[in-house]
Amino acid sequence: MIGTEPASTNPETPSPWTPAELPTDGPSAARPVRGLRERVTRIFELLGLERPNRWLCILALSVLVDIVVFSWAQILAYGAYYTFSQDFGSFNQSFYTAAFDHKLFYYTSNIPAGTNGTFFAVHFSPFLFVLLPFYALAPAPTTLLVFKVTALGLAAFPVYGIAQHRLGSAKWGVGFGLAYLLSPLTMTLDWLSFDMEVFLPFFVLSAFYFLTVKRRVGFFVFWALALASIETVAPLLGLSAFLALVGAYWGPRRAPTADRRSERLLWFGACALTIGWYLLAFEAVRAFNPAGGTFGVGYQSHYTVLGASSFFDVIPRALLNPSAAGAALAHAGSTKLLYSLILVGCLAFFPLFGELRYSLPVAFWLALALLSNFPPMYSLGSQYLGYVSPFLFAGAIGGVVYLRSLFAREFGQPAPVAPEPPRRWTLPGREESILPASLGLAVLLCLVVANPLTTAPVAGLSSIQYGIPSPTPHTQLLDRAIQLIPSQAGVLTTAHLFPQVSDRPSAYVLPTTQLFAGNSSYWGSLDAFINESSFVLLDFTIDQYPAQLILYFGNFTGFGTVVCSDGVYLLERGWTQAPLPGFWSGSSAIFHGSRLATRFSTAVNENESLYYVNGGTSGVNFWRGPSVSFVTPGTYTLNVSFRVHSSSLLPLFSFRPLWTPIVIDPVQYLNSSAGHHYAYVFVRQSPEVVASANVSIMSGSQGSWVTENSSLTVTVTGFGTLSSVGVSLGPSFAIYVGALSLSLAGPPPYFGDQARP
């Protein structure tokens, strides 16, 4: 039984797994098996578990399936470029540099924030050193995904143990274990990324489990591992420990005096360990980063509506300024409400009836999340679920304990308080079915609406791509382009592409939400990264916005185009040849003439054409468009096909491509002692005529309908909007404009001709 004394290991006493008919002094061939069984049984007893039963085997199989399925899904997503530089690519670079470059978990994306590139300047996470040898055996970004999914899956076992011990049934244990695996709190936690918060459910729930079975050494080991994962969990653990300590003094006195004294000492130790660790983490982060990391004001961008300057300032600011607190709560209010309902609703609202030492840490975290204007804090899919998940599940089990006793009083039946011997499953009847049915219904409902394996889970973070992707020609092109980059060459790229090149110390990415410390700026940091890079990899299809920023602000003097296809550009320093064979392909877009109609023209059904009659008027723009937004750099051919009727040989109209450049205006905001942020305003300039061709009909075609084409070549080195215009020149004519086509004819001779700030 859970929590009972270990069974006797006297050789004369048969093992619980040994058949009664097998003599203890049987053949030597049976002794190794018997010894192995005894060792396994002894391990289970030390962990406070019963010997393995069919329920535990069902849960173990479920955990294995969960790890395999979610590892497979997220590895596929990694191959489809769904993952990000923050924090997935940055963690892979941190592990790689620690394992092979002897640097202290060095990564480049946060250098402009004044961290000198070490993760310990942001968070104090010594548990990274435990993971490092395992990463060194298989150094790849996908290894981190397997780490994460495995840690999340293993947390089902302490959930099982807590439920089995407190509810007296292995069936309840496996029920809560499956509810944990199928919960959106677990499935969406840190979806497609890797953060230290993913280890908190396993470590914190394991600590609660060992507390439940009175294994104090195990409790302190996992309590310390949770603190060592990330220091920001300390306030929640400290609050839970303090409430438990208060309860040990002023709670109901059901236990003997010696047990109460032992409980008080345990919680005193937990409080002291938590406070001491937090102070150590504070000094460690300050030693690497005087701005303080999570202890400083660098996270004030999460609370601009509330006006808080740091995490420490949130609760005081909300209490002292109720109007600001109301505005902060109302910001994305419907999303926050839905998020809150899912947190407790996926467990049938059982956590609301649990112990205060579980529910108050959840309430404290929800206050921080709901007062924020930072979507990852109040959306599914981020790492922040790791803070509340263990308290919610432990509280839900406590809630069932309370509700069962309440039902027993109401229906006049005593609630079981001791573990029951294993027996076959029997369907519960009447009031006994209310609680398990509620839990099962809640799990199924949330599985339908908040499953990350679907393309759009409810309350999911909008910046994350969900579902199970499949390879596309575009991702295959990216794979081939990345293979052209030498393994240790410096490369600058964008957020979705960074994880694939993060296995080197000289991989660079500049997040658009970056904090810039001191006098650093976006363009200054970008130039520094370009100077350290031999390659620049841009993708205007997957990462259009950051690629535009890099193109606009970057100085690419000395770079040539190696790959130019489907919006993918690979630039190499010193490259002077044409793009490589197989990495260059033209692309085109065709627009029917009916999309070009203006107030002087008419769209007709004949081949979706635009029809116009000019009566001798000059200077009429009888078509304009279509606008192709955010044209990527290159040489383009703009072609128009038409049928025209005129009696004049003079030029009839002028065909003119129009280029509308875009200027980016960086606006500095949120200035503080830690640094500042930028917002980037895209401003369209006045259209420019970049080429012109006068169109007339050939001699001998007067007075009849003639089919013609006119083409012009335009070179684009920046980015903006490309369109066209037809301007009448005076003679009388009638015209059907059939279609325009825009074709990429070649890469640009060089990149970047925009004015820099």
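Residues numbered from 1 in each chain as written. Predicted model: local features only at pLDDT ≥ 70, side-chain atom pairs only at ≥ 80, totals over all residues. Heavy atoms only, no water.

1. Re empty space enclosed by the protein
Where empty space is left in the structure can be found by rolling a water-sized probe over the atoms. A full pass over the atoms with the stated rule returns four cavities of 30 Å³ or more. Lining the second largest cavity are Asp66, Phe70, Gln74, Lys148, Val149, Leu152, Thr186, Met187, Leu189 and Trp191. Of all the secondary structure elements, the ones that give two or more residues to the lining of the second largest cavity are α2 (54-79), α5 (141-154) and α8 (184-187). A class-by-class count of the residues in the lining of the second largest cavity yields six nonpolar, two polar and two charged. (1 Å grid on protein atoms, 1.4 Å probe; cavity = no way out; pocket = protein on both sides within 12 Å on 5 of 7 lines; lining within 4 Å. Points joined across faces, edges and corners; volume = space filled by probe spheres on them. Helix = DSSP H or I, 4+ residues; strand = E, 2+ residues; numbered from the N terminus. Nonpolar A, V, L, I, M, F, W, Y, C, P; charged D, E, K, R; others polar.)

2. Some points on the sheet that holds strand β4 (residues 559-565)
Ordered by their spatial adjacency, five strands build an open sheet running β2-β1-β3-β5-β4, and the pairing between neighbours is mixed. Among the strands making up the open sheet, the edge pair consists of β2 (507-508) and β4. As judged from the six bridges shared by β4 and strand β5 (residues 568-573), these two strands associate in the antiparallel manner. By the bridge assignment for β5, threonine 561 is matched with leucine 571. (Pairing = 2+ DSSP bridges.)

3. Structural notes on the packing of aromatic side chains
Scanning the entire structure with this criterion turns up 63 aromatic pairs. Measuring from ring centre to ring centre gives 6.1 Å for phenylalanine 95 and phenylalanine 194, while their planes differ by 75°; the resulting arrangement is edge-to-face. Of this pair, phenylalanine 95 sits in helix α3 (residues 85-100) while phenylalanine 194 is found in the loop between α8 and α9 (200-212), placing the two residues 99 residues apart along the sequence. In this structure phenylalanine 194 comes out as buried when scored by relative accessible area, which is 0%. (Phe/Tyr/Trp six-rings, centres within 6.5 Å; stacked < 30°, edge-to-face > 60°. Buried < 20%, exposed > 50% of the residue type's maximum accessible area, 1.4 Å probe, protein only.)

4. What about the packing of helix α6 (residues 156-167) against helix α7 (residues 170-182)?
It is the contact of α6 with α7, at a shortest axis distance of 7 Å, that shows an interaxial angle of 145°. In the packing of α6 onto α7, the handedness of the crossing is right-handed. For the pair α6 and α7, contact is made by Ala156, Val159, Tyr160, Ala163, Gln164 and Leu167 and by Ala170, Trp172, Gly173, Val174, Phe176, Gly177, Tyr180 and Leu181, respectively. Considered class by class, the residues forming the contact of α6 with α7 number 11 nonpolar, three polar and no charged. (Axes fitted to C-alpha atoms, helices over the stretch in contact; angles between N-to-C directions. Left-handed = near helix turned anticlockwise from the far one by under 90°. Contact = heavy atoms within 4.5 Å.)

5. Observations concerning the confidence of the model for the protein
When pLDDT is averaged across the protein, the result is 86; 88% of the residues are at 70 or more. When the criterion is pLDDT under 50, residues 1-30 qualifies, and its contacts beyond four places in sequence or with other chains add up to 36 contacts. Considering only residues more than four positions removed or in separate chains, one finds that residues 422-427, a stretch of pLDDT under 50, has nine contacts. (pLDDT = per-residue confidence, 0-100.)

6. With respect to a nonpolar patch on the surface
A grouping of Leu61, Leu64, Val65, Val68, Val69, Trp72, Leu76 and Ile468 is seen on the molecular surface, where their side chains present a nonpolar patch of about 700 Å² in accessible area. Checked against the element boundaries, isoleucine 468 lands in the loop between α18 (434-449) and α19 (473-483). Using a relative accessible area of 41% as the deciding quantity, one classes isoleucine 468 as partly exposed. (Patch = residues over 30% accessible without salt bridge, like charges linked within 9 Å, V, L, I, M, F, W, Y side chains within 5 Å. Areas by Shrake-Rupley, 256 points an atom, 1.4 Å probe, with all protein chains shown as cover. Salt bridge = Lys/Arg side-chain N within 4 Å of Asp/Glu carboxyl O.)

7. Regarding the pattern of salt bridges
Here the structure, examined in full by the defined rule, presents three salt bridges. Put simply, arginine 317 and aspartate 313 hold a salt bridge, and the shortest N to O gap is 3.2 Å. With a relative accessible area of 30%, arginine 317 lands in the partly exposed category. For aspartate 503, the salt bridge goes to arginine 504, with nearest N and O atoms at 3.5 Å.

8. Looking at the pairing of β4
Extensive coverage of β4 is indicated by the burial of seven of its seven residues. Hairpin remark: β4 followed by β5, antiparallel, with two residues in the connecting loop; positive phi at aspartate 566, about 55°.

9. A word on the environment of valine 640
One can find valine 640 in strand β11 (residues 634-645). Note on valine 640: relative accessible area 0%, which makes it buried.

10. Overview of the environment of leucine 441
Residue position: leucine 441 is located in helix α18. By relative accessible area, which is 60% here, leucine 441 ends up exposed. It is 8.9 Å that separates the C-alpha atoms of leucine 441 and cysteine 346, two residues lying 95 residues apart in sequence.

11. Quick look at the packing of α3 against helix α4 (residues 128-137)
At a closest axis distance of 10 Å, the pairing of α3 and α4 adopts a crossing angle of 80°. Of the possible angle classes, the one that applies to α3 and α4 is roughly perpendicular. When α3 is examined against α4, the residues Phe91, Asn92, Phe95, Tyr96, Ala98, Ala99 and Phe100 are found in contact with a partner set consisting of Leu128, Leu131, Leu132, Tyr135 and Ala136. Of the residues contributing to the contact of α3 with α4, the split by class is 11 nonpolar, one polar and no charged. (Parallel < 35°, antiparallel > 145°, perpendicular 65-115°, else oblique.)

12. Quick look at the side chain of serine 389
Structurally, serine 389 is set in helix α17 (residues 385-411). The class for serine 389 is buried, based on a relative accessible area of 1%. For serine 389, the residues in contact, after removing those within four places along its chain, are Tyr180, Leu185 and Pro201.

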